[in-house]
Amino acid sequence: MAIAERGYRRWEGRLRGRALRWWIIARWGVRLSGQSKWLRRLVLAAWLPLLYWVLAFFAIGQVTDPETIGAVEDTWQFALLKAQFGGALADAFVRDPASFRPTIWATLFYFYLYTTQVWVMLVTAVVGPRLISADLSAHALGLYFARPITRLDYVAGKLGVVAFWIGAVTLGPVTALYGLSILFSPSLEALSQTIFVWPRAAGACAVVMVGAGAPVLALSSLTRNPRFLGFAWAGLWVLSHVASTVLSLAIFRIGGAEGRDWTGLVSFFRNLLAVAFRFLEVETKLAPAARLSHRASRWMERYSYEHDWRWSLCLLLVGAALSLWVVARRVGRAAEEGAQ
Amino acid sequence: MIQARGLSKWFGQVIALNGVDVRIGEGITGLLGLNGAGKTTFLRLLTGQLRPSQGSVTLFGEPIWNNHRLLRRIGVCPEEDAFYDLSGLAFVACLARLSGLRRAEARRRAEEVLERVGLGPHRHRSVRAYSRGMRQRVKLAQALVHDPEVLFLDEPLTGTDPIVRRELRELIVALGAAGKHIVLSSHVLHEVESITHTIVLMHRGRVLADGDVERIRALMDEHPHRVRILCDRPRTLARALVDRPHVVGLELTPGALVVETDDPADFFAAVPHLVDATGVEVDELVSEDDDLAAVFRYLVERS
């Protein structure tokens, strides 16, 4: 292969500031990780259950249309609503949509977020392990740090990658669902009554992105061989949940319900869900319905968390901060080791 | 252009660089040293990737560590193959974006530099499928993509076949002629000599000598030059050589004669006549001081 005999051409452009370098790292990472077929399949699979929720909101839109009120009892839409919420709450909702719409929407969005947690675990287990360990094993850090890029840019960029994929199975579907729910609503009144839902659901998703994204990055930075890291990460989620349940049961057997309120803090799932539960104000919104409906009161009992949600938020944020500190330290050390 | 003052770097108990004082001027400079001499550590310190444990290093009069303004003015071609599963064009364009080029500009410039390093026809192939020589070129392309003033090339010729090595050598010389200041590391003296005459010799974390390679060679010439002659009658040849004015030592070994001379040029000019006069049959004539190891050996002994 002969090298073309062409002189070197200078470049006269101006380089941009480094404010958005993390964004470029994140985009690059998303593009590279998106090459994984498994990941693409997982994300697709995570969107499939959305069909049910879309159907549910379509039904809600239909049964709350003022033109059809009083003539919905025999429709499939009402049957679906009854199956989901029980007869009493469904009846109350159809009679007075304005009062019960926030309850129904907050509860449905919470249920949806509840189901996404497994996808979050699986997606982070596929994306996270290689994000930093691959750079460490390929000695690729020099490619970044020989440019005007700080460790903070690098860590933020990598967090952006994992946050993107978590968002793809949480925030993305939640946003699509909210948009469709508004479209299915009979009037814009629904928007004003449920305006709190999307920002609060998005806030809960943001906590998941950081709370689940940062620890998996820390794990990735601890090894150059990520082969079993995905399993270890998923195992951590499952084990923490099992430990929380076992502890709760053990304390219940010994001393009754007293003194077990902290056991939810042991579970990764429960911490994330406690924050989502509070962000969507499910407890407040469900309280009036619980007086009417046995099913709603059962939900209150089942999904309410005995521990203070602020402890969960605190644990997740402190955990994320510690994880990012570990990543920054490991990356700094790896850059030094690479020179030896 | 580059100045290191009392520059040291240690990793725990290991001293990788020990009190280096050196000035590197404009043009092409070769950083020579055996494996483990501290060249890569020195290059990483010069490129701001490592913080000095002691001393300082400046580029264009400013400290390089944590100086992002200076990082824009340098390009680094690392020794390791750190690639992703991307085409050559996507790889270089992405690194161009990290250097601060806008998207369209990054792509255009990536095409330009890939063309320049001879990878134009292969720019859409995955980097992982590139040969060793192509990988060295793509690394050079990513270092060049933002048009830096100074290029740091860590062992750019290592592992390449002779043809690729010649082409890369020509490319580096052409970049130097185009006004780039280049610091390249190598452990092969003749390779560096074919690119530049300005060298910095490193050994065990220290700078042994720096400057023009001729000057270093002249220093070496003060030291008796050892030549091993494999022949059928070493004693006869030794008798003929003993009265030569520049021969300062003779050593007989089985089947060979080792001559120490303080004027190699005169000695090599005289050898054919001596062989002719004595009728000795010479099988091989080896200069023992012509490789880098000998240079280091001598300079270490001298220091």
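Residues numbered from 1 in each chain as written. Chains lettered and ligands numbered in written order. Predicted model: local features only at pLDDT ≥ 70, side-chain atom pairs only at ≥ 80, totals over all residues. Heavy atoms only, no water.

1. Thoughts on the environment of F111(A)
All names here are of chain A.
Consideration 1: Topologically, F111 is positioned in helix 6 (residues 97-137).
Consideration 2: Residue classification places F111 among the buried positions, given a relative accessible area of 10%.
Consideration 3: Sequence separation between F111 and T223 is 112 residues; the distance between their C-alpha atoms is 36 Å.
Consideration 4: Ignoring sequence-local partners within four residues, the contact set of F111 consists of W53, Q84, W299 and Y303. (Helix = DSSP H or I, 4+ residues; strand = E, 2+ residues; numbered from the N terminus. Buried < 20%, exposed > 50% of the residue type's maximum accessible area, 1.4 Å probe, protein only. Contact = heavy atoms within 4.5 Å.)

2. Here we look at the nonpolar core
Consideration 1: Judged by nonpolar contacts, the single largest core of 143 residues is most densely connected at W28(A) and F91(B).
Consideration 2: With 18 residues, helix 6 of chain A is the largest single contributor of residues to this core.
Consideration 3: Residues within four places of F91(B) in sequence aside, it is in contact with W28(A), L143(A), A82(B), F83(B), Y84(B), L86(B), V127(B), V138(B) and Q142(B). (Core = buried A, V, L, I, M, F, W, Y, C linked by side-chain atoms within 4.5 Å.)

3. Concerning a nonpolar patch on the surface
Residue and element names in this part refer to chain A.
Consideration 1: Nonpolar side chains collect at one region of the surface, where L20, W22 and W23 lie side by side and expose about 310 Å² of accessible area between them.
Consideration 2: Among the secondary structure elements, W23 is positioned in helix 1 (residues 21-33).
Consideration 3: On the accessibility criterion, W23 (44% relative accessible area) is partly exposed. (Patch = residues over 30% accessible without salt bridge, like charges linked within 9 Å, V, L, I, M, F, W, Y side chains within 5 Å. Areas by Shrake-Rupley, 256 points an atom, 1.4 Å probe, with all protein chains shown as cover. Salt bridge = Lys/Arg side-chain N within 4 Å of Asp/Glu carboxyl O.)

4. Regarding the sheet that holds strand 10 (residues 206-212) of chain B
All names here are of chain B.
Consideration 1: Within the open sheet, the six strands sit side by side as 6-7-8-3-9-10. Their pairing is mixed. Where the open sheet ends on each side, the last strands, each with one partner, are strand 6 (74-77) and strand 10. Shown here is a sheet whose adjacent strand axes are inclined to one another by a mean of 15°, direction ignored.
Consideration 2: Across five bridges, strand 7 (residues 150-154) lies against strand 8 (residues 181-186) in parallel orientation. Bridge assignment links L153 to a residue of strand 8, and that residue is L184.
Consideration 3: Across the sheet, helix 5 (residues 132-144) is in contact with strand 6 and strand 7; its angle to strand 6 comes to roughly 165°. (Pairing = 2+ DSSP bridges. Axes fitted to C-alpha atoms, helices over the stretch in contact; angles between N-to-C directions.)

5. What to know about the sheet that holds strand 1 (residues 2-11) of chain B
Paired through their backbone hydrogen bonds, the strands of a sheet run either parallel or antiparallel.
All names here are of chain B.
Consideration 1: The sheet built from four strands is open, its strands ordered 2-1-4-5 with antiparallel pairing. Bordering the open sheet on either side are strand 2 (14-24) and strand 5 (62-63), each of which pairs with just one other strand.
Consideration 2: Bridge count for strand 4 (residues 54-59) against strand 5 is two bridges, and the pairing is antiparallel. For L59, the partnering residue across the bridge sits in strand 5 and is E62.

6. A look at the interface of chain A and chain B
Consideration 1: With 41 residues of chain A at the contact, the number on the chain B side is 52 residues.
Consideration 2: Carbon and sulfur atoms supply 57% of the area that chain A and chain B bury against each other, a total of about 4600 Å² over both sides.
Consideration 3: The tally of links from chain A across to chain B stands at zero salt bridges.
Consideration 4: The tally of links between chain A and chain B comes to four residue pairs in polar contact (both at pLDDT 80 or more).
Consideration 5: Contributions of two or more residues to the side of chain A that touches chain B are made by helix 1, helix 7 (141-145) and helix 16 (309-337) of chain A. (Buried area = accessible area lost by both parts, 1.4 Å probe. Polar contact = N/O pair within 3.5 Å; in protein donor to acceptor, adjacent residues only side chain to side chain.)

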